[in-house]
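The primary structure of each chain is shown beneath.
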Amino acid sequence: AETGRLMFNAPGEVGVGASSLTWVLLLAGAARVGLPLHLAAKALGWLALLAAGWGLLRLFGPLLGRLPALALALLVTASGHMLWFALSGMETTLFFAGGVWALVLYRDRRWAWLGLALGGLALTRPDGLALAAAVGLVELWDHRRDLRRLPRGLFQAAALCLSVCGPWFAYLLARTGH
């Protein structure tokens, strides 16, 4: 927000100083409109916690029933660790919410949205690619007897995921060599 650059390091340093492009951009946008960063980070954390709870309800409702899924969502989101994460000013709760919603989209076979969600998850934390890989491995395992029956949407999701997060990883490689 202050420099218009993706770094807090000295200009001659190689690194970018952040592991979450999404969180940096959200906070920079909040600062740009005049919100104090500490309040913006807490508000974003709370919004992500609400999104995670709603996602857990959607994910487990069909499996457990509405009331047990609501209890599960409340137990998870009201746990001390999750509340601390939501107030910490870090992207942890946003990453969790994104992962939960990616699982909802995967279960519902909403391939294009899944690809966008997984790409966004990887921009929130690079470990988001692990969920993308897990989805691919599950589909490969499920269709191991006839790979021609892999859902076409899986390839669409993979392409969208890579198109969302690929430029960031290419930038990191060019900037840092890693």
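Source: prediction; values computed, not measured. (Residues numbered from 1 in each chain as written. Predicted model: local features only at pLDDT ≥ 70, side-chain atom pairs only at ≥ 80, totals over all residues. Heavy atoms only, no water.)

(A) Structural detail: the overall build of the protein. Helices and strands together make up the secondary structure of the protein, namely eight helices and zero strands. Along the protein, from the amino end to the carboxyl end, the secondary structure elements read α-α-α-α-α-α-α-α. With the C-alpha coordinates aligned to their principal axes, the bounding extent of the protein is approximately 55 × 40 × 25 Å. The buried share among the 178 residues of the protein stands at 33%. Across the protein, every contact between residues at least 6 apart in sequence was considered, and the portion connecting residues at least 24 apart equals 62%. Total accessible area on the protein stands at roughly 10,600 Å², and carbon and sulfur atoms take up 70% of it. Side-chain charges of the protein comprise 15 positive and 8 negative groups, with the mean position of each set lying 7 Å from the other. (Helix = DSSP H or I, 4+ residues; strand = E, 2+ residues; numbered from the N terminus. Buried < 20%, exposed > 50% of the residue type's maximum accessible area, 1.4 Å probe, protein only. Contact = heavy atoms within 4.5 Å. Areas by Shrake-Rupley, 256 points an atom, 1.4 Å probe, with all protein chains shown as cover. Lys, Arg positive; Asp, Glu negative; His and termini not counted. Charge placed at Lys NZ, Arg CZ, Asp CG, Glu CD.)

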